[in-house]
Amino acid sequence: MKPVNTPQPPRWAERFLEWIAADHLLEEVQGDLQELFEKRLQYDSLRKARWLYVLDLLKLIHPRLWRKKSSTTSLNPFDMLSTYIKIAFRHLVKNIGYSFLNMGGLAVGLTMAMLIGLWIWDELSFNKNYANYTQIARVLENQTYNGETGTSWAAVPPVGNALRSQYGHDFKHVLMASHPQRIILSAGEKKLIKSGYYFEPGVADMLSLNMLSGTQKGLQEPHSILLSQSLAKAFFGGADPVGKVLEMDNNQAVKVTGVYEDIPQNADFRDMLFIAPWSLYISSNAWIQQDAWWQNGFQAYVQLADHTDMASISAKIRDLKKKAVTGEEAQAKPELFLFPMAKWHLYADFENGISTGGRIQFVWLYGMIGMFVILLACINFINLTTARASIRAKEVGIRKAIGSYRSQLIGQFLSESMVGVMFAFIGSLLLVQLLLPLFNEVADKQLSMPWTHPGFWLIGIGFSMFTGLLAGSYPAFYLSAFKPVKALKGTFQPGRFAATPRKILVVVQFTVSIILIIGTLVVFRQVRFAKDRPVGYDRNGLVMIETPTNEIHSHIDALRDELKKAGVIAELSESLNPMTGMSFSASGYDWGGNSSDPELSFGTVYIDHTFGKTVGWQFKDGRDFSRELATDSTGIVLNESAVRQMGLQDPVDKTIRQTAYGNTEVFHVLGVIKDMLMESPYEPVRPTIYKINPGKGNLANIRIHPHLSPSEALGKIEAVFKKYSPSAPFSYTFIDEAYAIKFSEEERVGKLATLFACLAIFISCLGLFGLALFTAQQRTKEIGVRKVLGASVIDVWLLLSKDFVRLVLFALLIAIPLSYLLMNRWLENYTYRSGIGPWIFVLSGTGALLLAVGTVSYQAIKAALNNPVKSLRNE
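Residues numbered from 1 in each chain as written. Predicted model: local features only at pLDDT ≥ 70, side-chain atom pairs only at ≥ 80, totals over all residues. Heavy atoms only, no water.

Caption draft 1: How the structure looks around the overall build of the chain. Helix and strand content of the chain: 31 helices and 26 strands. Counted over contacts in the chain with a minimum sequence separation of 6, partners at least 24 positions apart contribute 78%. Counting only carbon and sulfur atoms, one obtains 58% of the accessible surface of the chain, whose full area is about 42500 Å². A gap of 15 Å separates the mean positions of the 87 positive and 76 negative side-chain charges of the chain. (Helix = DSSP H or I, 4+ residues; strand = E, 2+ residues; numbered from the N terminus. Contact = heavy atoms within 4.5 Å. Areas by Shrake-Rupley, 256 points an atom, 1.4 Å probe, with all protein chains shown as cover. Lys, Arg positive; Asp, Glu negative; His and termini not counted. Charge placed at Lys NZ, Arg CZ, Asp CG, Glu CD.)

Here you go:
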């Protein structure tokens, strides 16, 4: 304080100086003026010295005087950045344990986010390899049966010509096609069963196939074929296949007129290894009637003309079929519409004739999980950094005391976060490369790292920087706000509620982790519930063999007898469709006296007399088909659902008529079997009628003799099949393996959910471990005093663990109702579904609690076992 009687410069001038001068210049300028003023007093009057003081002050008025000091203008920003990074790196090395926890958690989070991002990108880019992606559509049909509107992906033969003749100017292409066909292709001695399509000419142009040789117009020739690159190589190696001749199903010679590049895996038609002319398909299948509006067994694709609108054209063609059909076909109220290629993959589910979603729900689900995993990793970073705030309080105080601004401190802490995230990003790239094969296997994908794609680096680095800012922002603003005086005096106290945000974040972490654990258990329980569902037949030792040629059918009795005499098989039969699918349905049934609804539809399975004995179906009433009774050719067997649908009390020997397209057939019921599960294991069994197939079947069903191993039996079966059909490749499938494929999607979801849940709980425990370590270090002195006063290891363990256990219990209270609502809604997608038993919540909660206690206990027990003398001496 200045003495009261000491001459002073004008007070107003000093205040003016304090008002205009920048903070960092005030003390220096004020000191210089004061020094000049005191020197002048030695040889001038006070009045003159004051005037000269004012004059000096006026001379100093310059923008530089009042300009605030700016770190960006006064210091080289690159030097500052370099300093930030250097200090951040030193800080990471100095605290290597915490750095590992922080960066390890972030690396795991980024790895999962990257894997999920690759998966989502693959899903969203599905079919985008086709240049005309936005203009291609498939013609679908809504039909109303049993009071419900169903959507059929099949088309009738005349729809193509009708679209061309009536709305030709709206389309660039209208193409009829078969469903995927597995046929025998042979070139010389080489024979392969491969999948492909019969298409009308124009498909190569519509799908913008990249022709490696030949021409897109190759299908104009009636006996031609286009081959995929891989199939052409399989047959002809490096030679040019154009002009070479192949044989289809051993009875049709076709000439190779072009080779197209293989279609990517994330696209429809990826299984299209060959394309043959539609006209060839028509001419080789006499049952196809090109003017039959009732033969819903084909596909119709269109490419819109330029400058046309999908929705308006779809509305225009809606009644095309309705106007062309009569009778029972018209009663189904058929309505055509265009379903764009952009929706085929992600929005393929229909309900009441309207697209309601599909795989898009998995895109949203995995996207949310990815965000949650990143959130968990960020929470770890924030928690560990703020927990160590008191340790860095003196550092903040010293930096502020020597002139650091808060903005500089924020920059410093954000730099530490960014450096840590960049290390985590590099680590995540290595982890992704390492885990990608396993992830591809679980997700059934062929993903690869797009190392050369600029977008990948832009998104990856941008996302990492965003994560760094997100994770580092709270610590940066929190730490930089410390008061330097309190920090230097060591009187800084975080405050009563300073730990509250950390506790909330730990609760969020464990809430998400517990929800994922519960979700995983519910998914696997649902899959197990469906797998344990009675199927109504015996899958053990049951094999189906493709019979594409007529040779097996012609010798089916001889083949059966030979295999049975050799003791290789128990039984053999033929059928049109496999045991794991339903290919046909029919309506128009009348069961005498009762009013039948013409819209009622029944699944129809065409079999031979030994089918039931082969698959082991189980009769509830009546009997099986018999070759000894000629009248059994018009007999039928009903399943339980069909009997319930018809409302029959004593169905055996009842007469059932079927009227279709002016023809009436009469059947009599031989027996009733238990429902056989042939379609989705999550849906009710469809009412089904089993009829004798008068013609050739597509499959031979074989029951292997129980005394033989499958490998031993298949070798003998192949030898006999080759004897009667030497030209056909021997291709078989075990029924239990085909049935297991029905669960693949749900099992894939379950495996991915398991992976995500494990990583989420790992990240959460990693954060908990770090917090427990820090807490133990902070309370070293307290623990030492307590032990000196007689506290046991259990007392110390309880002291350090109880707070974390409370947080996990609180997370359980939030997670249980949330997960119940979410998973109950997911289960509503299935008609045949399991419940969510309380044991799932008990098991998940107990598991999470044990993991948390185990994580904390290591540090708690370690602290409890320390020598209190050493602890107190060090403190």
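Caption draft 2: A look at the environment of lysine 564. Within the secondary structure, lysine 564 sits in helix α22 (residues 556-565). Given a relative accessible area of 33%, lysine 564 falls into the partly exposed group. With near-sequence residues (within four places) excluded, lysine 564 lies in contact with Ile569, Ala570 and Glu571. (Buried < 20%, exposed > 50% of the residue type's maximum accessible area, 1.4 Å probe, protein only.)

Caption draft 3: Focus on the packing of helix α20 (residues 500-531) against helix α29 (residues 793-827). Closest axis-to-axis distance for the α20/α29 pair is 7 Å, and the angle between their directions is 40 degrees. You can see that α20 and α29 cross each other, and the crossing is right-handed. Grouping the amino acids of the contact of α20 with α29 by side-chain chemistry returns 20 nonpolar, four polar and one charged. (Axes fitted to C-alpha atoms, helices over the stretch in contact; angles between N-to-C directions. Left-handed = near helix turned anticlockwise from the far one by under 90°. Nonpolar A, V, L, I, M, F, W, Y, C, P; charged D, E, K, R; others polar.)

Caption draft 4: Broad picture of a negative patch on the surface. Side chains of Glu27, Glu28, Asp32, Glu35 and Glu38 sit close together on the surface and give a patch of like negative charge. With respect to the element layout, glutamate 28 can be found in helix α2 (residues 23-40). Since its relative accessible area comes to 52%, glutamate 28 is described here as exposed. (Patch = residues over 30% accessible without salt bridge, like charges linked within 9 Å, V, L, I, M, F, W, Y side chains within 5 Å. Salt bridge = Lys/Arg side-chain N within 4 Å of Asp/Glu carboxyl O.)

Caption draft 5: Main features of the pairing of strand β7 (residues 224-228). For β7, the tally of buried residues reaches five of five residues, placing the bulk of the element in the interior. Neither face of β7 is open: one carries Ser224, Leu226 and Ser228, the other Ile225 and Leu227, and all of them are buried. Bridge count between β7 and strand β9 (residues 252-260): five bridges; the pairing is parallel. Opposite serine 228, over in β9, you have tyrosine 260 as the bridge partner. Summarising the sheet, β7 and strand β10 (residues 274-277) pair through two bridges and their orientation is antiparallel. The residue of β10 that forms the bridge with leucine 226 is isoleucine 275. (Pairing = 2+ DSSP bridges.)

Caption draft 6: Inspection of the state of the cysteines at higher detail. Per the stated rule, a full pass over the model turns up zero disulfides. Here cysteine 758 is not disulfide-linked; the sulfur of cysteine 765 is the nearest cysteine sulfur, at 11 Å. (Disulfide = S-S within 2.5 Å.)

Caption draft 7: Local environment of the packing of aromatic side chains. For the structure on display, the rule yields 37 aromatic pairs. Measuring from ring centre to ring centre gives 6.0 Å for tyrosine 732 and phenylalanine 734, while their planes differ by 90 degrees; the resulting arrangement is edge-to-face. For tyrosine 732, a relative accessible area of 37% translates into the label partly exposed. Taking relative accessible area as the criterion, phenylalanine 734 reaches 15% and is therefore assigned buried. What links up through ring pairs into an aromatic cluster is the set Tyr130, Tyr197, Phe199, Phe269, Tyr301 and Trp344. In this structure, lysine 531 is placed above the aromatic ring of phenylalanine 743, and the distance from its NZ or CZ to the ring centre is 5.7 Å. (Phe/Tyr/Trp six-rings, centres within 6.5 Å; stacked < 30°, edge-to-face > 60°. Lys NZ or Arg CZ within 6 Å of the ring centre and 35° of its normal.)

Caption draft 8: Quick look at the domain arrangement of the chain. Domain parsing of the chain yields domain 1 (11-60), domain 2 (136-344), domain 3 (361-529 + 744-873) and domain 4 (542-738). Each of domain 1 and domain 2 has a C-alpha centre, and these two points are 95 Å apart. (Domains from an automatic or database assignment.)

Caption draft 9: Expanded view of the nonpolar core. In this structure, Trp119, Tyr366, Tyr537, Trp617, Met676 and Tyr690 are the most contacted members of the largest nonpolar core, which totals 110 residues. Per-element tally for this core: the top contributor is helix α27 (residues 744-778), with 15 residues. Both domain 3 (361-529 + 744-873) and domain 4 (542-738) contribute no fewer than three residues apiece to this core. Ranked by size, the runner-up nonpolar core spans 45 residues in total, among them Ile183, Phe274, Trp293 and Ile313. (Core = buried A, V, L, I, M, F, W, Y, C linked by side-chain atoms within 4.5 Å.)

Caption draft 10: Inspection of helix α16 (residues 393-401) at higher detail. By the burial criterion, the buried members of α16 are Ala393, Val396 and Gly397. The arc that holds the buried residues of α16, viewed along the axis, is 100 degrees, so those residues lie on one side. Just downstream of α16 lies glycine 403, where phi reads positive at about 115 degrees. (Arc of directions from axis to C-beta.)

Caption draft 11: Broad picture of unusual backbone geometry. Residues other than glycine seldom take positive phi values, yet asparagine 352 does so here, at roughly 55 degrees. Within the secondary structure, asparagine 352 sits in the loop between β13 (349-351) and β14 (354-357). One non-glycine residue with positive phi stands out, namely aspartate 653, at about 75 degrees. The residue aspartate 653 is located in the loop between α24 (640-646) and β22 (655-660) in this model.

Caption draft 12: Quick peek at the pattern of salt bridges. According to the stated counting rule, one finds 30 salt bridges in the structure shown. Among the ionic pairs, arginine 560 bridges to aspartate 557, the shortest N-O distance being 2.8 Å. In this pair, arginine 560 and aspartate 557 are both assigned in helix α22, three residues apart and thus about one turn of the helix distant. Residue arginine 560 is classed as buried on the basis of its relative accessible area, which comes to 6%. Accessibility expressed as a relative area gives 39% for aspartate 557, which makes it partly exposed. Two residues, lysine 620 and glutamate 640, come together in a salt bridge whose shortest N-O distance is 3.0 Å. Here lysine 620 is found in strand β20 (residues 619-622), whereas its partner glutamate 640 is found in helix α24, with 20 residues between them in sequence. On the accessibility criterion, lysine 620 (52% relative accessible area) is exposed.

Caption draft 13: Quick peek at the UniProt feature "transmembrane region" (unreviewed entry) in the chain. Mapped onto this numbering, the UniProt entry annotates "transmembrane region" (unreviewed entry) at residues 100-121, 363-384, 413-436, 456-479, 504-524, 752-776, 807-827 and 839-861. With 100% helix and 0% strand, residues 807-827 has its two end C-alpha atoms placed 30 Å apart. Helix makes up 100% of residues 839-861 and strand makes up 0%, while its end C-alpha atoms are separated by 31 Å. (UniProt positions renumbered as here; feature names shortened; annotations may be inferred.)

Caption draft 14: Fine view of helix α7 (residues 96-124). Across its 29 residues, α7 extends 40 Å between first and last C-alpha, which sits within 8% of the 42 Å expected from 1.5 Å per residue. The element α7 is extensively covered by neighbouring structure, given that 23 of its 29 residues are classed as buried. (Expected span 1.5 Å × (residues − 1).)

Caption draft 15: Examining a nonpolar patch on the surface more closely. A contiguous nonpolar surface patch, about 500 Å² in accessible area, is contributed by Phe89, Val93, Phe423, Ile426 and Leu430. When contributions to the nonpolar patch are tallied by element, the ones reaching two or more residues are α6 (77-94) and α17 (406-443). If one sorts the elements of the nonpolar patch by residue count, α17 sits on top with three residues. Structurally, valine 93 can be placed in helix α6. Under the relative-accessibility criterion, valine 93 is labelled partly exposed at 47%.

Caption draft 16: Geometry of the pairing of strand β11 (residues 299-304). Buried residues dominate β11, accounting for six of its six residues. Along β11, one buried face is formed by Gln299, Tyr301 and Gln303 and the opposite face, lined by Ala300, Val302 and Leu304, is buried too. With three bridges connecting them, strand β1 (residues 136-145) and β11 associate as antiparallel partners. From the neighbouring strand, isoleucine 136 faces β11, where its bridge partner is glutamine 303. Here six bridges tie strand β3 (residues 171-177) to β11, and the two strands are oriented antiparallel to one another.

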